[in-house]
Amino acid sequence: MSDLDLLTQSLARNVKRWRTERGFTLDTLAARAGVSRGMLIQIEQARTNPSLGTVVKIGDALGISITTLLDYEQGPKVRIVPADQAVRLWHTDAGSYSRLLAGAEAPGPLEMWDWLLMPDEGSSSDPHPVGTVELIHVTEGELTLTVDGVEYRVPAGASVSFEAGAPHTYANTGDVPLKMVLTVSVPGVH
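Once a new chain begins, its residue numbering starts again from 1 and follows that chain's sequence as written. Owing to the predicted nature of the model, reporting of local features is limited to residues with pLDDT of at least 70; listing and counting of side-chain atom pairs is limited to 80 or more, with chain, interface and lining totals taken over all residues. Excluded from the side-chain calculations are hydrogens and water; all other atoms, namely the structure's heavy atoms, are used.

Peer 1: Break down the side chain of D114 for me, with residues and values.
Peer 2: Helix and strand labels come from DSSP, where a helix needs a run of H or I of at least four residues and a strand needs a run of E of at least two; each type is numbered from the N terminus. Looking at where D114 falls in the secondary structure, it is placed in strand β3 (residues 109–117). The exposure class assigned to D114 is buried, which follows from its relative accessible area of 15%. Looking at D114, its side chain comes within polar contact range of the side chain of R99, at 2.6 Å. If we ignore the near neighbours within four places in the chain, the residues touching D114 are Y97, S98, R99, L101 and M180. A simple rule labels every residue: compare its accessible area, found with a 1.4 Å probe on the protein chains alone, to the largest value its type can have, and call it buried under 20%, exposed over 50%, or partly exposed in between. Polar contact is defined as a pair of N or O atoms within 3.5 Å, subject to the rule that within protein one atom must be able to donate a hydrogen and the other to accept it, and that residues adjacent in sequence are counted only when both atoms are side-chain atoms. Contact definition: two residues touch when any of their heavy atoms are within 4.5 Å.

Peer 1: Before we move on, can you summarise the pattern of salt bridges with the specific residues and values?
Peer 2: When charged atoms on two side chains of opposite charge get close, those side chains can pair. Here, a salt bridge means any side-chain nitrogen of Lys or Arg that lies within 4 Å of a carboxyl oxygen of Asp or Glu. All told, the structure shown has eight salt bridges when counted by the stated rule. Among the ionic pairs, R19 bridges to E44, the shortest N-O distance being 2.6 Å. Placement of the pair is R19 in helix α1 (residues 3–22) and E44 in helix α3 (residues 37–44), with a sequence separation of 25 residues. Per residue, the accessibility class of R19 equals that of E44, and both read buried.

Peer 1: I'd like a rundown of the sheet that holds strand β9 (residues 168–172), residues and numbers included.
Peer 2: One requirement defines pairing of two strands: DSSP has to find at least two bridges between them. If you trace the four strands from one edge of the open sheet to the other, you get β4-β9-β6-β7, paired in antiparallel fashion. Sheet topology places β4 (121–125) and β7 (150–155) at the edges, where each strand pairs with a single neighbour. Neighbour-to-neighbour, the strand axes of this sheet turn through a mean angle of 20 degrees, independent of strand direction. Relative to β9, β4 runs antiparallel, the two being bridged by five bridges. Pairing of S125 across the sheet is with H168, part of β9. Think of each axis as a best-fit line through the C-alpha atoms, taken over the contacting stretch in the case of a helix, with angles from 0 to 180 degrees between the N-to-C directions.

Peer 1: A description of α1 should follow, citing residues and the corresponding values.
Peer 2: With 20 residues, α1 extends 28 Å between its outermost C-alpha atoms, agreeing within 8% with the 28 Å of an ideal straight helix rising 1.5 Å per residue. Buried within α1 are the following residues: T8, S10, L11, A12, N14, V15, W18 and R19. Next to the buried residues of α1 lie α2 (26–33), α3, α4 (52–62) and α5 (66–70). Backbone geometry just downstream of α1 places G23 in the positive-phi region, at approximately 75 degrees. By this rule the span expected of a helix is its residue count minus one, scaled by 1.5 Å.

In structure tokens, the structure reads:
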């Protein structure tokens, strides 16, 4: 079984499991996540590989991390993720990418990401649930972060935190690659 097949099967199993555990119908989860009921059916039947945006919306609606949605093992309390098992969920032909390094439920989803953005590339994010916080540390280059229409410059060595309940964009408007570590903390579902 390929890595993609393994992730598709894990996502199918875990979306259904967490939807059932939360007591959500397909229609309820579809409405909360802003995705179609048909898409959820395809995901739960492992018949599609949804976009990163769709997986994020489903995770947010369920109040769980992407790591939990894609987890194919019930691991021990300490979980080491080897470098070759970090999940690359987004990439461009120019070489930009994001990799999910690790995640936990604490008490809501907590995720740590490794990002590379090549010059003149960026990635937009829809608003996360109210109370979501992101922390970013720039290790190389300069991040142009736009939150709710306001642009911020974050140079190498600097860090930024922000409430991610508004639309936001990560961009590299410089001439050199941008490397950053991003952490997302989503409040639990009540």
